[in-house]
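Observations on chain architecture
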Amino acid sequence: MDKKSKNPQDVKDSKKKIRVAILCICAIVVFYIGCNFLKGINVFHKKTYYYCLMDNATGVQQNTQVWLSGYKVGMVQSVEMLSANPPRICAHILFNENFDLPDDSRLEVMANGLLGGNVLNIVMGTSKSSFRDGDTIPCSVKPGMLDGIADMKDQIASVVASVDTIGMELKDVLHKDGGGENLKATLENIEAATHNLNDILADNKGKVNSLVTSLDRFGKTLDEASPQLTQVLDNFDKISDTLAKAEIAEVIANANQTIVEVKEMVAKVNRGEGTIGNLMSEETVVNKVEETIQSLKDLVVDIKANPKRYINVTIFGKKEKTDKEKKNQGK
């Protein structure tokens, strides 16, 4: 028996239904992909899920980004509280990028700039083994730049008040007794001094260059002479070691003892004790010594004036006659 021929209208209606169904399926797929894209989820990459336990969420919430060296690799899917006492909060994290995460790595909650908000930054470890899908990653909180400002509120207010007071005082100084004009004159003097300094440097540019060249040569000379200087310093070091090892203490003690003995001897002389003390203290002895010296001086003068009276010299055996013999011979 032959098949019944299909009604062309029914075929046409069936095709329309199939097209509508395909369009609906495509719309659902596009909507799903678009929603995940807006959430930051790439549906075409392999997805890996991890957990993170925290005592303090510190602003971590759903859709908080996960960074690795500033690059977004995932996001927080959900946050839930496991216990209230002690507080334990669990974050469900989705990784869009496919990479091995060493099992000694950790997550760090850090501020996302000065405008607020936090992110989870991955601090990579060095272990050869890696976390697996569904493992729990340790988490810590990194203090932000603005943390602790609330504790310093009073100090900041005091500083601001001081700055405001200084500003008011400065304003009064500038408005009273020609403070503004004086400041203007001071700035003009500084500008003139700077201009004069520039002129001096321009006029003596050659000398300055020569001075810099000389300093450069001197530096090179010191660099070349550094071995000799090192040797000299070593020699001084050796000399200082030798002096340190010498019996300086004993020498100083002996010198002190000698000084004490000299002081005692001088004291005895001043008191007239001993022979030297008697000679120094007896006035008669000193006078006799002076008389003796004077007699010796007179004798020397007389010898120089009448040498024949004291010296009788015979030349070639002939004896010179005295005055008495000459008188007897005349008679």
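In what follows, the accompanying structure is described. (Residues numbered from 1 in each chain as written. Predicted model: local features only at pLDDT ≥ 70, side-chain atom pairs only at ≥ 80, totals over all residues. Heavy atoms only, no water.)

For the protein chain, the helix and strand inventory stands at 10 helices and 8 strands. A burial count over the protein chain gives 11% of its 331 residues as buried. Within the protein chain, counting contacts between residues at least 6 apart in sequence, those at least 24 apart form 56% of the total. With an accessible surface of roughly 27200 Å², the protein chain has 59% of that area assigned to carbon and sulfur atoms. (Helix = DSSP H or I, 4+ residues; strand = E, 2+ residues; numbered from the N terminus. Buried < 20%, exposed > 50% of the residue type's maximum accessible area, 1.4 Å probe, protein only. Contact = heavy atoms within 4.5 Å. Areas by Shrake-Rupley, 256 points an atom, 1.4 Å probe, with all protein chains shown as cover.)

To continue, consider the side chain of T64. In this structure, T64 sits in the loop between β1 (48-54) and β2 (65-68). Contacts of T64, omitting those with residues within four sequence positions, involve G59, M75, V76, N118, V119 and L120.

The subject of this paragraph is a positive patch on the surface. A cluster of like positive charges, contributed by K12, K15, K16 and R19, occupies part of the molecular surface. Assignment of secondary structure puts R19 in helix α1 (residues 8-39). (Patch = residues over 30% accessible without salt bridge, like charges linked within 9 Å, V, L, I, M, F, W, Y side chains within 5 Å. Salt bridge = Lys/Arg side-chain N within 4 Å of Asp/Glu carboxyl O. Lys, Arg positive; Asp, Glu negative; His and termini not counted. Charge placed at Lys NZ, Arg CZ, Asp CG, Glu CD.)

Looking now at the pattern of salt bridges. Tallied over the full model, the rule gives 3 salt bridges. Salt-bridge contacts for D55 lead to R88; the nearest nitrogen and oxygen are separated by 2.7 Å. Here R88 lies in strand β4 (residues 87-95) and D55 lies in the loop between β1 and β2, a separation of 33 residues in the sequence. Linking E108 and R106 is a salt bridge whose minimum nitrogen-to-oxygen distance equals 3.4 Å.

Direction of pairing for β2 relative to strand β6 (residues 118-123): parallel, over a ladder of 2 bridges. Bridge pairing in β6 places W67 opposite N121. As defined by bridge partners, strand β5 (residues 106-111) adjoins β6 across 6 bridges and the pair is classed as antiparallel. Residue L107 lies in a different strand from β6, and its bridge partner there is I122. (Pairing = 2+ DSSP bridges.)

Okay, the packing of aromatic side chains next. Counted according to the given criterion, the structure contains 3 aromatic pairs. Pairing Y50 with F95 gives two aromatic rings, centres 4.9 Å apart and planes at 70°, and the pair type is edge-to-face. One end of the pair, Y50, is in strand β1; the other, F95, is in strand β4, with 45 residues separating them in the sequence. Overall, the relative accessible area of 4% leaves Y50 in the buried class. Between F95 and F99 the ring centres are 5.8 Å apart and the planes differ by 25°, which places this aromatic pair in the stacked class. Aromatic rings pair up to connect Y50, F95, F99 and F131 into one cluster. (Phe/Tyr/Trp six-rings, centres within 6.5 Å; stacked < 30°, edge-to-face > 60°.)

Turning to the pairing of β1, a few remarks are in order. Side-chain alternation along β1 places T48, Y50, C52 and M54 on a buried face and Y49, Y51 and L53 on a face that remains uncovered. Here β1 runs beside β4; their pairing, made up of 7 bridges, is antiparallel. Note that in β4 the partner of M54 across the bridge is I89. In terms of strand pairing, β1 meets strand β7 (residues 136-137) through 2 bridges, oriented parallel. Bridge pairing in β7 places Y51 opposite T136.

None of this, on its own, says anything about what the molecule does.
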